[in-house]
Amino acid sequence: MSSFGHEVKSIAPQLAKPYVKRGKNDAADAEALCEAMSRPTMRFVPVKTADQQAALTLVGMRERLIRNRTQLANVIRGFAMEFGVVAAKGMCRIELLLERIAADHSLPELARELFAMHGVEYRQLLAETKAIDAKLIALHRSEECSRRLAEIPGVGPVGASLLMMKTPDPRMFKSGRDFAAWIGLTPKDHSTAGKVRLGVITRAGDEMLRSALVVGATALLQHVRTGRSRHASRWLTELLQRKKPKLVAVALANKIARVAWKLMVSGETYRRTEGQTQAI
């Protein structure tokens, strides 16, 4: 449609749904879309380019491979337990488990052959995941903004790449708070009559991006709690003393999102404040 000279604007389905008067048909949907786009405060979704869509396909493929790898590892461990062969948790234990099964001649030959087939599939998934990771790292290194975002503690190359791919124009957001709310890292607000009631995080926005930020914040907290991190700010240590670690991880992910928005908008590089061990 853009090639014919039209200006294309996309609206999130949940924002257009309230304007459907009654029933579900094409006419009602078209009327609701026209009514929604005429609202002065309506938020639109920028149309992605072909290159951006290809990058998102790369991330989606990586997620699918990791999910299949985890599923296959659990299957191998579960089948091995049926024969009394128990292995410790962890992906690094699967190869050792397969070697033990291959060398255990007390198991039926059919079982060892099936485990060998699982091993071939597992190694193929590892090779494909490694190749996808290499492409993702190459894409991350080719983007100047992604390299700057990776310098934020708790982000890393994968988180920086997701921030670049998933985030629309960061200037669409008025502040870092709005950006964190778009990701879904702010609490639900159900306040009335002057009574403030805040609940769990809204889980709005992109699940993959939010998960990457929370996982990165959790990894950073593990180093802070064991005293192995140089990014333990006073705010973070005091919050750990008052709140549960999981809640602190979400709060830290919220702060990381705000810092990332600031870097994307301003073009600055991450730097620690003088006199503190961590800028966030």
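Residues numbered from 1 in each chain as written. Predicted model: local features only at pLDDT ≥ 70, side-chain atom pairs only at ≥ 80, totals over all residues. Heavy atoms only, no water.

Enquirer: An account of the overall build of the protein chain is needed here, citing residue identities and associated values.
Expert: When helices and strands are tallied, the protein chain shows 11 helices and 2 strands. Mapped in sequence order, the helices and strands of the protein chain form the string α-α-α-α-α-α-α-α-β-β-α-α-α. In terms of overall dimensions, the protein chain is more spread out than a globule: its C-alpha atoms have a radius of gyration of 24 Å, far above the 19 Å expected for 280 residues. Out of the 280 residues belonging to the protein chain, those deemed buried represent 34%. Taking all contacts inside the protein chain whose residues are at least 6 apart in sequence as the whole, residues at least 24 apart take part in 54%. With the model as given, the accessible surface of the protein chain reaches about 17900 Å², and the carbon-plus-sulfur share is 55%. Both charge centroids of the protein chain, one from 45 positive and one from 27 negative side chains, sit 9 Å from each other. (Helix = DSSP H or I, 4+ residues; strand = E, 2+ residues; numbered from the N terminus. Rg over C-alpha atoms; globule rule 2.2 N^0.38 Å. Buried < 20%, exposed > 50% of the residue type's maximum accessible area, 1.4 Å probe, protein only. Contact = heavy atoms within 4.5 Å. Areas by Shrake-Rupley, 256 points an atom, 1.4 Å probe, with all protein chains shown as cover. Lys, Arg positive; Asp, Glu negative; His and termini not counted. Charge placed at Lys NZ, Arg CZ, Asp CG, Glu CD.)

Enquirer: Describe the packing of helix 3 (residues 50-82) against helix 5 (residues 109-142), and please don't skip the residues or the numbers.
Expert: Where helix 3 meets helix 5, the closest approach of the two axes is 9 Å, and the angle between their N-to-C directions is 155 degrees. When the axis of helix 3 is compared with that of helix 5, the two are roughly antiparallel. For the pair helix 3 and helix 5, the crossing hand works out as left-handed. Each residue belonging to the contact of helix 3 with helix 5 can be placed in one class, and the counts come to 19 nonpolar, 3 polar and 6 charged. (Axes fitted to C-alpha atoms, helices over the stretch in contact; angles between N-to-C directions. Parallel < 35°, antiparallel > 145°, perpendicular 65-115°, else oblique. Left-handed = near helix turned anticlockwise from the far one by under 90°. Nonpolar A, V, L, I, M, F, W, Y, C, P; charged D, E, K, R; others polar.)

Enquirer: Can you tell me about helix 8 (residues 176-183), naming the residues and giving the values?
Expert: Within helix 8, burial applies to Gly 176, Phe 179, Ala 180 and Ile 183. Down the axis of helix 8, the sector holding all buried residues measures 95 degrees, keeping them to one side. On its buried face, helix 8 sits against helix 7 (156-166), helix 9 (207-225) and helix 11 (245-266). Positive backbone phi, approximately 100 degrees, marks Gly 184, located one or two places after helix 8. (Arc of directions from axis to C-beta.)

Enquirer: Give me the side chain of Lys 166: which residues, what numbers.
Expert: Mapped onto the elements of the fold, Lys 166 is located in helix 7. Lys 166 sits in the buried class, given a relative accessible area of 18%. Only 3.3 Å separates the side chain of Lys 166 from the side chain of Asp 206, close enough to count as a polar contact. (Polar contact = N/O pair within 3.5 Å; in protein donor to acceptor, adjacent residues only side chain to side chain.)

Enquirer: Could you give an account of a nonpolar patch on the surface, naming the residues involved and the relevant values?
Expert: Taken together, the side chains of Met 1, Val 8 and Val 47 make up a nonpolar region of the molecular surface, amounting to roughly 290 Å² of accessible area. With respect to the secondary-structure elements, Val 8 resides in the segment before helix 1 (13-16). (Patch = residues over 30% accessible without salt bridge, like charges linked within 9 Å, V, L, I, M, F, W, Y side chains within 5 Å. Salt bridge = Lys/Arg side-chain N within 4 Å of Asp/Glu carboxyl O.)

Enquirer: Report on the UniProt feature "domain: Transposase IS116/IS110/IS902 C-terminal" (unreviewed entry) in the protein chain, specifying residues and quantitative values.
Expert: Sequence positions flagged by UniProt for "domain: Transposase IS116/IS110/IS902 C-terminal" (unreviewed entry) are, in local numbering, residues 147-229. Helix makes up 49% of residues 147-229 and strand 8%, with an end-to-end C-alpha separation of 21 Å. (UniProt positions renumbered as here; feature names shortened; annotations may be inferred.)

Enquirer: An account of the pattern of salt bridges is requested, with residue identities and associated values reported.
Expert: Scanning the entire structure with this criterion turns up 10 salt bridges. With a closest N to O distance of 3.3 Å, Arg 39 and Glu 35 form a salt bridge. A relative accessible area of 35% places Arg 39 in the partly exposed class. Residues Arg 148 and Glu 144 are paired through a salt bridge, measuring 2.8 Å at the closest nitrogen-oxygen approach. Of the two residues, Arg 148 and Glu 144 are both situated in helix 6 (residues 144-149); the distance of 4 residues between them amounts to about one turn of the helix. Arg 148 gets classed as buried once you look at its relative accessible area, which sits at 7%.

Enquirer: Can you break down the nonpolar core residue by residue, with the values?
Expert: By size, the foremost hydrophobic cluster in this structure holds 58 residues, and its most contacted members are Ile 76, Leu 149, Ile 152, Leu 163, Phe 179, Leu 185 and Leu 213. By residue number, the principal contributor to this core is helix 11, which donates 12 residues. Those residues in contact with Ile 76 that lie beyond four places of it in its chain are Ile 94, Leu 97, Leu 98, Phe 115, His 118 and Tyr 122. (Core = buried A, V, L, I, M, F, W, Y, C linked by side-chain atoms within 4.5 Å.)

Enquirer: Lay out the packing of aromatic side chains in plain terms, naming residues and giving numbers.
Expert: Applying the stated rule across the entire model yields 4 aromatic pairs. Here Phe 173 and Phe 179 contribute two aromatic rings whose centre-to-centre distance is 5.4 Å and whose plane-to-plane angle is 70 degrees, an arrangement assigned as edge-to-face. Judged by its relative accessible area of 12%, Phe 173 is buried. Measuring from centroid to centroid gives 5.5 Å for Phe 173 and Trp 182, while their planes differ by 55 degrees, and the two rings are tilted. By relative accessible area, which is 27% here, Trp 182 ends up partly exposed. A network of ring pairs unites the aromatic residues Phe 173, Phe 179 and Trp 182 as a single cluster. Above the face of the Phe 44 ring, Lys 9 is positioned so that its terminal group lies 4.8 Å from the ring centre. It is Lys 255 that lies over the ring of Trp 235; its NZ or CZ is 3.9 Å from the centre. (Phe/Tyr/Trp six-rings, centres within 6.5 Å; stacked < 30°, edge-to-face > 60°. Lys NZ or Arg CZ within 6 Å of the ring centre and 35° of its normal.)

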